[in-house]
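Per-entry structural report
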Amino acid sequence: MGGMTTTREPVRPTVTTRVSSVIAGRPVDVTTDGGPGAGPGAGLGTIRQVIASTNPAHLGDVVADVVLAGPETFVGACSAARAAQRSWADVPAPVRGGVIANLGRLVEENADALAALVTREIGKPLSEARGEVQEIVDTCRFFLGEGRRLYGETVPSEMPDKQLFTFREPVGVAAIITAGNFPVAVPSWYLVPALLCGNAVVWKPAEYAAASARALFELVVRAGLPDGVVNLVLADGPATFEGLSAALAGGLVDKVGFTGSSAVGSAIGELCGRHLQSPCLELGGKNPMVVTPNADLDAAVQGALFSGFGTAGQRCTSLGTVLVHRSVHEVFLDRLAAAVAAAPVGEPTADVLYGPMMDEKFAAGFERHLATIAEHHRVLGSSAVGLIGPGSPRAGFVGDPEDGLYYHPVLLDGVRPGDHVFDEETFGPLVGVTTYATLDEAVELANAPGYGLSSAIYTSDATEAFRFRRGVRAGMVSVNNSTSGAEAHLPFGGNGRSGNGSRQSGRWVLDQFTRWQSVNWDYSGHLQKAQLDTVALTADLTFRLDAS
């Protein structure tokens, strides 16, 4: 496709910032496993690799040296969590809620610094990074009270002098593996409820967002947690999978939470299944937006612009395809194309719609998706396709495009089932457009890729809204709103290629991090057998009213 270029290599200056794993309060940054040259954390693992986490908006800015550990470090972290979990579970739940309150206050007090670090490390616009940090605060505010509401039930028995109860019990050790597109907010969706419920946690964040993860970890451990209750492991994918496999085989992990790609999620689901565990999987999305003939088209354009191109299309809830009724297709497309063309793109500390791709691997992946654009597609919204630079400029670009991994937005009309860009998550600033004739057809198109995370419909007809809600397979539905924008107290999650039906956020996530325990207490003084010793009262079921 014309205009595409290869990604540029960063120039790496000398840096001093270095981040590593932390197990039971001890940094794991060693040259050998306890041998000569070993530093703090010796005996907890070996350095597998040291990589640079670079600022994708300014590739010469190395945010941190990231010490990647091997699989044995992951196993060691799980062992430390196992040792700390029981005493943490013994802390009364309202007191654990107080720790969550402390975390919320710490995040608030450090909000500006944390947001600035997120922007620097992954290139997310500063306004969005601030919103991400606020989401941690909102999550803490919600769950701090759940420590007083981890309700069980008192249930009547069918026999006298016997009482039935239910209790929520922590699952034990939770291994949490998160992506870097929301490097602090999404981890809080796991960490906060898991800790509140009395679990210990091993957290493996994305290595390209390791500095942001370490910053959040420092706030978490200062909220009042004993050593070992939360452990941080920095590792690449293969080491993580090997370590998780060993930890599961060793009985060190009781719950796995994973946010990332559908392919990796499938592998983790298979691994957990071998140990009869059901992981919490929050995976990718190909999120549809339906625009009906009676929709507010200007509102729909704003929704499509934000959800399709915000964060450079690197959200799991990013808009994938707009399904526009054929009667309003051209007018909607003209308005959306104009909005995309006029949108400010560039330096993420400025007021822009989006900044760079988060990392070179995502830039390379996006270029592979761009290579699938076909002859029957019509490209709108930008003067070129691919990397923005001197040979492929974008009008109104904010800043210097040569400094970072900036890509042209692509609005692609004429996509259809069977096209790669229709069927697959593209994870970049690309939105497809197609038409439909009936709402039933729109629902069929919305479900066709097999994902099921988020969806949206713009309509002024309540009947259409409810018919769409009933027919779409997505776990989340927005009416006259974008596909992105989760609130902290609603269930978040997807179905099909987007997840296994597990849910995060709100009170629903408590079922991921607790198990129900049933208790029956017989104080009759003798054995009473359910179903056998129940009292049966005599009824006259032959009685009939006189119909005369």
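Preceding block: the structure.
This text gives an overview of the structure that appears in the document. (Residues numbered from 1 in each chain as written. Predicted model: local features only at pLDDT ≥ 70, side-chain atom pairs only at ≥ 80, totals over all residues. Heavy atoms only, no water.)

1. Here's the deal with the pairing of strand E16 (residues 410–413)
Burial along E16 is two-sided: Val410 and Leu412 facing one way and Leu411 and Asp413 facing the other are all buried. As judged from the three bridges shared by strand E15 (residues 378–380) and E16, these two strands associate in the antiparallel manner. Bridge pairing in E16 links valine 379 to leucine 412. Pairing between E16 and strand E17 (residues 430–436): four bridges, direction parallel. Along E17, the bridge assignment pairs leucine 412 with glycine 432. (Buried < 20%, exposed > 50% of the residue type's maximum accessible area, 1.4 Å probe, protein only. Helix = DSSP H or I, 4+ residues; strand = E, 2+ residues; numbered from the N terminus. Pairing = 2+ DSSP bridges.)

2. What about the sheet that holds strand E1 (residues 18–19)?
With mixed pairing, three strands are arranged side by side in an open sheet as E1-E5-E4. Where the open sheet ends on each side, the last strands, each with one partner, are E1 and strand E4 (47–55). Here E1 pairs with strand E5 (residues 58–69) via two bridges, running parallel. Of the residues in E5, the one forming a bridge with arginine 18 is aspartate 65.

3. Section: the packing of aromatic side chains
All told, the structure shown has seven aromatic pairs when counted by the stated rule. For the ring pair phenylalanine 362 and phenylalanine 427, a centre distance of 5.5 Å and an interplane angle of 45 degrees mean the geometry is tilted. Separated by 65 residues along the polypeptide, phenylalanine 362 in helix H11 (residues 360–370) and phenylalanine 427 in the loop between helix H12 (420–423) and E17 bring together distant segments of the chain. Here phenylalanine 362 matches phenylalanine 427 in class, with each residue buried. Seen in terms of ring centroids, phenylalanine 397 and tyrosine 406 are 4.9 Å apart; in terms of plane orientation they differ by 80 degrees. Their pairing is edge-to-face. When its relative accessible area of 15% is taken as the criterion, phenylalanine 397 is described as buried. The class of tyrosine 406 is buried, set by a relative accessible area of 1%. Ring pairing ties together the aromatic residues Tyr208, Phe362 and Phe427, which thus form one cluster. The aromatic ring of phenylalanine 182 is capped on one face by lysine 124, whose charged end is 3.5 Å from the ring centroid. Above the plane of the ring of tryptophan 508 lies arginine 507, whose end atom (NZ or CZ) is 4.5 Å from the centre. (Phe/Tyr/Trp six-rings, centres within 6.5 Å; stacked < 30°, edge-to-face > 60°. Lys NZ or Arg CZ within 6 Å of the ring centre and 35° of its normal.)

4. Quick look at the side chain of threonine 459
By secondary structure assignment, the location of threonine 459 is in the loop between strand E18 (454–458) and helix H14 (462–471). Of the polar contacts made by the side chain of threonine 459, one reaches the side chain of threonine 292; its length is 3.4 Å. Polar contacts involving the side chain of threonine 459 include one to the side chain of glutamate 464, which spans 2.5 Å. In contact with threonine 459, other than residues within four places in its own chain, are Thr292, Asn294, Ala295, Glu464, Ala465 and Asn480. (Polar contact = N/O pair within 3.5 Å; in protein donor to acceptor, adjacent residues only side chain to side chain. Contact = heavy atoms within 4.5 Å.)

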